[in-house]
Protein chains: 2
Amino acid sequence: MKVAIAQINYHIGHFSSNEKKVLTAIEKAKKMKADLVVFAELSVSGYPPRDFLEFEDFIDRCMQSIKRIAEACNGIAAIIGGPSVNPEIKGKDLFNTAFFIVNGKVQSQIHKTLLPNYDIFDEYRYFEPNQDFHIVEFLGQKLAITICEDLWNIGDDLLYRVNPMDELMKFGPDLIINIAASPFHYEQAIDRKEKLKANVDKYQLPLFYVNHVGAQTELLFDGGSLVFNRFGKIVGELAYFDEDLQVFDTDQLDALPGIPQEQLTSKIELIHDALVMGIRNYFGKLGLKQAILGLSGGIDSAVTLVLAERALGKENVRAILLPSKFSSDHSIRDAEDLAKNLDIPYDIIPIEPGAAQVNEILQPYFKDLPFNIAEENIQARMRGLILMALSNKFGYILLNTSNKSEAAVGYGTLYGDMNGGLSVLGDVYKTEVFELARFINKEREIIPENTITKPPSAELRPDQKDSDSLPDYAILDKVLYAYIENRKGPKELIQMGFEEAIVNRILHLVNTNEYKRYQTPPILRVSRKAFGMGRRMPIVARYLAMDS
Amino acid sequence: MKVAIAQINYHIGHFSSNEKKVLTAIEKAKKMKADLVVFAELSVSGYPPRDFLEFEDFIDRCMQSIKRIAEACNGIAAIIGGPSVNPEIKGKDLFNTAFFIVNGKVQSQIHKTLLPNYDIFDEYRYFEPNQDFHIVEFLGQKLAITICEDLWNIGDDLLYRVNPMDELMKFGPDLIINIAASPFHYEQAIDRKEKLKANVDKYQLPLFYVNHVGAQTELLFDGGSLVFNRFGKIVGELAYFDEDLQVFDTDQLDALPGIPQEQLTSKIELIHDALVMGIRNYFGKLGLKQAILGLSGGIDSAVTLVLAERALGKENVRAILLPSKFSSDHSIRDAEDLAKNLDIPYDIIPIEPGAAQVNEILQPYFKDLPFNIAEENIQARMRGLILMALSNKFGYILLNTSNKSEAAVGYGTLYGDMNGGLSVLGDVYKTEVFELARFINKEREIIPENTITKPPSAELRPDQKDSDSLPDYAILDKVLYAYIENRKGPKELIQMGFEEAIVNRILHLVNTNEYKRYQTPPILRVSRKAFGMGRRMPIVARYLAMDS
């Protein structure tokens, strides 16, 4: 049996586009003599459809898509993901379903058993877990069809009490098919291969794994669909960060050479590629082209500009330098050098006249109170105001340039430098931003060396340095990683060797700045634990806030 | 047996404060000769603790609190909610547990079976559902202890396959205790009484129901704990929107007179009281006192100001009038009249010098392009900038004054009038804001009549009216309610009698403005379906967007 894997970049709720892509892949698979073409989980709707699933109208459109796709399956079978209606009175209204299509009709529906409901996942919000196990026979082979998480309850830490493959093994299947929607983080490809291999090793069956590719706002899908033969060798691996369609003959899997897995792409290169795809798809799927950003001469806006240029093309990116009276000469020079290196047009718009005017308006109220955070923020907000005015006038989308370290400790101005339609680096710690800059410069100096080597500064008051207010990023980022990604509490952090005072101060900052992050733009997710939909915290709370 | 119901306003993660309140209630219940005192669900942590539950340190602190509370239970038993650790390898790490305490020790743990995971609820994210049913015996009575949702799987629409009370009935219980965390919306008290009565009617047992009270950022808890006798009569009803502790003798429940339920508080009065509590607790729990807001002369800021004054006291509210060159005379006069009626100090800070300066800065780029949304937004953002500067300088929290209709269709300026620490009216449709204004004015004219009767306007260009850009609010709000609260799709809306063109336009506006709502302040939730944590939508999607 020849099986085609169709790895597609879907668009949530864009039924006509998704359907067209699926139909094109069916035609292509037919031409390649495939007997069966396999699409990803919840393909017809795009993933994650979130609360659209609560609309009957949305479900109807999914079903109509499935019907039309089924009608196109002449001379080829297909497996495709979509929601289906639970016919029982008890339980939630929907299943997360794999539709098995033969001869133009849905012949069988396989529902997802294990519904991930952690981190960015909300599947138990919508779907009833499957309790009825069955396999599908096709061309003399018994297919164990599973959906994403169904294969993940293996290893030491078992999140669920049941294991769908254990149930399906009772029917003596010949191969496993897994249709998935497995969002990227920089360790996900490794995790995924381990989990899938554990299944192959346990059940001694070949495995076809079909993933999504492309960005859905903050969630990035890296593709990398896989085929394992029954000996646990990876014999098929589809493109990363791109659409792909490949055909594999089940009779030949055992004989195929394994694809070498040693030369893994580095973490920083993965993050780089994921962010470029994230920006490109954000704009592409919104039907927009052009980005604007404030270029400060610092490293965050420099890296963001390079990523935007790679995602959208230099003709679609506009850089604005917004110096204040506290901006150093080198900042302007560094920013100009970068724009010139990229051949990107830039404008210099000093904010001082605007900031001075606002200060004058407020003089009767501020009187001779000392310069403080209020005046610092006026500058950041004047920049935000000017950038948004240009955005509104010319239809640019403002890219936010804050990094994860700043977002964590609230080192940023709401309605100022925290503005933007999309946060590019909000899941990249400051120390990783430096690594990205080095990676970008690996062949030639694109980002000026001075931008990389000078001490980070917000330049909102004379001679300000980030290190005036924050611990060194080398320490800060380690504590943040342990707290945010690994959920270590204060005692564990101190046991790890961090100073108690620093630990308490950092955790206090993270927990009392939840209100700022609540209003942050969506953040492209590249780590295991990004701010946003996957990290849900109360705002008015008193946990690990110093005065509690 | 004498049972005390302790209805308390907890603070998420503020263990010392929560524990102190619980210990005080235990002492009080003892003095009132209670045999048993019952606290709400997840009392020790506050509800909802959200992802704090993923921190071992947080769970440890919960357990320490439970231990100390248990030690204080001499001569009185207690039931109190908190998380507990699942000792099994399979399944999620935690249970949502009712601890039954006798003689200073936890004698039994009852775990929650039905874990709500819809709307604002995420309980399956953290907790393993209970599968082990047992009752508790105390003073010769058998107690069926249940937790909130455990009693809600009754009636026509069954969300779950099991029903914990059906299991507990096998043990022949004498009464039902339900510890809850049931957030307010304006129909919730009625829903709750119906669900609880359905249980009493079905199982023919008396029922003690203990709820939270107070606000946790956007979630409001109205209290209203209840006691039903076995005939389905409400014989105890604790305070709404306030802490309360009352003792009931189980021997006397049958004889107690039913509390009349006819004179229900009106929807608008409920919303009013809930919003006042929401503002008060937001400030109180953050340890802050003073609010600032922009007073436009329009109805939204007028109602917000009155609610803030009632929540915080007039000495803690500052109103700023920020007229532009498009502001009408009556706007300023109406705003001044309101401030005077409330005896609240106000300042008039014209934004024209600031807006003009920004326009001048941008002149080289805008050249002679026509005045459009860019210039409109500059004004709204100049207001936001000035308000945030005052907020930063003097420590006020900016209250957001947007209503639900505007939030729905994106009629507001990001980083301008959408600024604020808390959105007071973001879950109140414009037509309901008018009702709130009439309610506020029912005894004397507080909000100037002209503010209520004049046509709504953003006053960002000459003679602008909301009706230039939006359908009449009377129609808009009906379509929005059907779409947002009742999830009707376009076909159903047209069948309901709304014009197709208007329906399509409104749904397009709602769905394409998700990006704005993503960056909105937290919204006090008063309806069944508020924007925020209970409504989770993709941003880059193409569902019901006109060009799809």
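Source: prediction; values computed, not measured.

Thoughts on the overall build of chain A
So, point 1. Looking only at helices and strands, chain A features 17 helices and 19 strands.
So, point 2. Against the 2.2 N^0.38 benchmark of 24 Å for 548 residues, chain A shows a C-alpha radius of gyration of 26 Å, consistent with a compact globule.
So, point 3. For chain A, the residues scored as buried account for 57% of the 548 residues in total.

Details of the sheet that holds strand 18 (residues 397-400) of chain B
Residue and element names in this part refer to chain B.
So, point 1. Read across the sheet, five strands follow the order 17-16-15-18-19 without closing on themselves; strand pairing throughout is parallel. The open sheet has two free edges, formed respectively by strand 17 (346-348) and strand 19 (422-423), since each of these has just one partner strand.
So, point 2. Of the pairings in the sheet, the one linking strand 16 (residues 317-321) to strand 17 comprises three bridges and is parallel in character. Looking at strand 17, one finds that Ile320 is bridged to Asp347.

What to know about the pairing of strand 10 (residues 213-216) of chain B
Residue and element names in this part refer to chain B.
So, point 1. As judged from the four bridges shared by strand 10 and strand 11 (residues 219-222), these two strands associate in the antiparallel manner. Residue pairing for strand 11: Val213 is matched across the bridge by Asp222.
So, point 2. Where strand 10 folds back onto strand 11 in an antiparallel hairpin, the turn is made up of two residues, including Thr217, whose phi is positive at roughly 50°.

Here's the deal with the relation of the copies chain B and chain A
So, point 1. For the pair chain B and chain A, the relating rotation is 180°, the translation along its axis is 0.0 Å, and the fit reaches an RMSD of 0.0 Å. Those values place the two copies in the arrangement expected of a two-fold rotation axis. Across chain B, the rotation axis passes nearest the C-alpha of B:Gln519, at a separation of 2.1 Å.
So, point 2. A share of 100% of the interface residues of chain B reappears at the interface of chain A, consistent with the copies meeting face to face through the same patch.

Points about helix 1 (residues 15-31) of chain A
Residue and element names in this part refer to chain A.
So, point 1. End to end, helix 1 covers 24 Å across 17 residues, agreeing with the expected 24 Å (1.5 Å per residue, within 8%).
So, point 2. Buried within helix 1 we find Phe15, Asn18, Glu19, Val22, Ala25, Ile26 and Ala29. Looking straight down helix 1, one finds its buried side chains confined to an arc of 125°; they lie on one side. Seen from the open side of helix 1, the exposed residues pointing more than 90 degrees away from its buried face are Ser16, Lys20, Glu27 and Lys31.
So, point 3. Buried residues belonging to helix 1 abut strand 1 (2-7), strand 2 (36-38), helix 2 (56-71), strand 3 (77-85) and strand 14 (244-249).

Focus: the nonpolar core
So, point 1. Of all hydrophobic cores here, the largest spans 356 residues; its most connected members are A:Val38, A:Ile386, B:Val38 and B:Ile386.
So, point 2. When neighbours within four sequence positions are excluded, A:Ile386 is seen to be in contact with A:Leu322, A:Ile349, A:Ile351, B:Val358, B:Ile361 and B:Leu362.

What about unusual backbone geometry?
So, point 1. In the segment running from A:Tyr47 into A:Pro48, the intervening peptide bond is cis, with an omega of -5°.
So, point 2. Mapping A:Pro48 onto the fold places it in the loop between strand 2 and helix 2.
So, point 3. If you check the backbone angles, A:Asn103 has positive phi at about 50° while not being a glycine.
So, point 4. When you line up the elements, A:Asn103 lands in the loop between strand 4 (94-102) and strand 5 (105-111).
So, point 5. Of note in the backbone geometry, B:Leu42 takes a positive phi value of approximately 45° without being a glycine.

Re the interface of chain B and chain A
So, point 1. In this assembly, 78 residues from chain B lie in contact with 78 residues from chain A.
So, point 2. Of all elements in the fold, only helix 2 (56-71), helix 5 (267-286), helix 8 (352-366), helix 9 (373-394), helix 15 (490-495) and helix 17 (514-518) of chain B reach the threshold of two or more residues within the side of chain B that touches chain A.
So, point 3. Ranked by the residues each element gives to the side of chain B that touches chain A, the list is headed by helix 9 of chain B, at 13 residues.
So, point 4. Partitioning the side of chain B that touches chain A into residue classes produces 42 nonpolar, 18 polar and 18 charged.

Regarding the domain arrangement of chain A
Residue and element names in this part refer to chain A.
So, point 1. We note that the domain assignment places domain 1 (2-254) and domain 2 (269-463) within chain A.
So, point 2. A separation of 40 Å is found between the C-alpha centroids of domain 1 and domain 2.
So, point 3. Tallying the contact residues gives nine residues for domain 1 and nine residues for domain 2.
So, point 4. Listing elements by their share of the side of domain 1 that touches domain 2, those giving two or more residues are strand 10 (213-216) and strand 11 (219-222).

Description of the packing of helix 14 (residues 473-485) of chain A against helix 16 (residues 500-512) of chain A
Residue and element names in this part refer to chain A.
So, point 1. Taken N-terminus to C-terminus, the directions of helix 14 and helix 16 make an angle of 65°; their axes are 11 Å apart at the nearest point. For the element pair helix 14 and helix 16, the recorded crossing hand is right-handed. Mapping the contact onto sequence places Ile475, Leu476, Val479, Leu480 and Tyr483 in helix 14 and Ile502, Val503, Ile506, Leu507 and Val510 in helix 16.

Here's the deal with the environment of B:Ser17
All names here are of chain B.
So, point 1. Structurally, Ser17 is set in helix 1 (residues 15-31).
So, point 2. On the basis of neighbour count, Ser17 is assigned to the partly exposed category, with 16 C-beta atoms found within 10 Å.
So, point 3. Here the alpha-carbon distance between Ser17 and Val44, two residues 27 residues apart in the chain, equals 9.3 Å.

So, helix 9 (residues 373-394) of chain A
So, point 1. The end-to-end C-alpha distance of helix 9 of chain A, which contains 22 residues, comes to 32 Å, matching closely the 32 Å that a straight helix rising 1.5 Å per residue would cover.
So, point 2. Most of helix 9 of chain A sits inside the fold, with 18 of its 22 residues counted as buried.

Observations regarding the sheet that holds strand 4 of chain A
Residues and elements named next belong to chain A.
So, point 1. The six strands lie next to each other as 5-4-3-2-1-14, forming an open sheet whose pairing is mixed. Whereas interior strands pair on both sides, the edge strands pair on one side only; in this sheet they are strand 5 and strand 14. If you compare each strand with its neighbour and ignore which way they point, the axes differ by 30° on average.
So, point 2. Strand direction decides the pairing type here: strand 3 and strand 4, joined by eight bridges, are antiparallel.

A word on the environment of A:Ile5
Residues and elements named next belong to chain A.
So, point 1. Mapping Ile5 onto the fold places it in strand 1.
So, point 2. A sequence separation of 189 residues divides Ile5 from Glu194, and the C-alpha atoms of the two residues are 20 Å apart.
So, point 3. Here Ile5 is in contact with Val38, Phe208, Val210, Ser225, Leu238, Leu245 and Gln246, once residues within four sequence places are set aside.

Rules and cut-offs
Residues numbered from 1 in each chain as written. Chains lettered and ligands numbered in written order. Predicted model: local features only at pLDDT ≥ 70, side-chain atom pairs only at ≥ 80, totals over all residues. Helix = DSSP H or I, 4+ residues; strand = E, 2+ residues; numbered from the N terminus. Rg over C-alpha atoms; globule rule 2.2 N^0.38 Å. Buried ≥ 20, exposed ≤ 12 C-beta atoms within 10 Å, placed from the backbone. Pairing = 2+ DSSP bridges. Least-squares fit on C-alpha atoms with pLDDT ≥ 70 in both. Contact = placed C-beta atoms within 7 Å. Expected span 1.5 Å × (residues − 1). Arc of directions from axis to C-beta. Core = buried A, V, L, I, M, F, W, Y, C linked by C-beta atoms within 7 Å. Nonpolar A, V, L, I, M, F, W, Y, C, P; charged D, E, K, R; others polar. Domains from an automatic or database assignment. Axes fitted to C-alpha atoms, helices over the stretch in contact; angles between N-to-C directions. Left-handed = near helix turned anticlockwise from the far one by under 90°.

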